[in-house]
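A structural walkthrough
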Amino acid sequence: QVQLVESGGGLVQAGGSLRLSCAASGRTFGNYNMGWFRQAPGKEREFVAGISRSGGSTYYASSVKGRFTISRDNAKSTVNLQMNSLKPEDTAVYYCATVYTSDLQRPLGSWGQGTQVTVSS
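In what follows, the accompanying structure is described. These figures come from a predicted structure and were not determined experimentally.

Quick look at the state of the cysteines now. Linking two cysteines covalently through their sulfur atoms gives a disulfide. If you walk through the whole model with that rule in mind, you get 1 disulfide. In this model Cys-22 forms its disulfide with Cys-96; the gap between the sulfur atoms is 1.9 Å. Classification of the bridge connecting Cys-22 and Cys-96 rests on its S-S torsion, roughly 50°, and on that basis the disulfide is right-handed. In this pair, Cys-22 is assigned in strand 3 (residues 18–25) and Cys-96 in strand 9 (residues 92–99), connecting sequence segments 74 residues apart. On the basis of relative accessible area, Cys-22 is assigned to the buried category, the value being 0%.

Below you can see the structure in the form of structure tokens.
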């Protein structure tokens, strides 16, 4: 298992930007495909973005494509989510997680504790 810790959440006005980071420890970070998920109050957790081990492949939910960018730095064992043009409907707790190679939308097993993102209208 790899341990994951998210940071960077906060309160932002609609149209603003935030950058989330997820720091990994415990195992070789470069061996894992990574993803970001979110859960809004009263809703199921949903996939946001995924990135392959090398960073060469990325995949986004349609609701965030063109606004969010996932990236990783294997030397620093971090995965980031740059969120631009934020909307109130992006309000949620955001989690990073390991994901399957065959399906970047599918969680593999390790999760962070989450970071709250609140977008005001």
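What follows concerns unusual backbone geometry. A positive phi is found at Ser-77, a non-glycine position, where the angle reads about 55°. Locating Ser-77 in the fold gives a position in the loop between strand 7 (68–73) and strand 8 (78–83). In this structure, Ser-85 is a non-glycine residue whose phi angle is positive, near 50°. Note on placement: Ser-85 falls in the loop between strand 8 and strand 9.

Okay, the pattern of salt bridges next. By the definition in use, this model includes 3 salt bridges. Across the salt bridge formed by Glu-46 and Arg-38, the nearest N and O atoms sit 2.6 Å from each other. Here Glu-46 falls in the partly exposed class, since its relative accessible area comes to 36%. Taking the relative accessible area as the measure of exposure, Arg-38 reaches 5% and is therefore buried. Notably, a salt bridge pairs Arg-67 with Asp-90, separated by 2.7 Å at the nearest N-O pair. Taken together, the residues Arg-67 in the loop between strand 6 (58–60) and strand 7 and Asp-90 in the loop between strand 8 and strand 9 connect sequence positions 23 residues apart. Looking at Arg-67, the relative accessible area reads 11%, which means it is buried. Three or more residues are tied together by salt bridges with common partners; here these are Arg-38, Glu-46, Arg-67 and Asp-90.

Conventions we followed
Residues numbered from 1 in each chain as written. Predicted model: local features only at pLDDT ≥ 70, side-chain atom pairs only at ≥ 80, totals over all residues. Heavy atoms only, no water. Disulfide = S-S within 2.5 Å. Helix = DSSP H or I, 4+ residues; strand = E, 2+ residues; numbered from the N terminus. Buried < 20%, exposed > 50% of the residue type's maximum accessible area, 1.4 Å probe, protein only. Salt bridge = Lys/Arg side-chain N within 4 Å of Asp/Glu carboxyl O.

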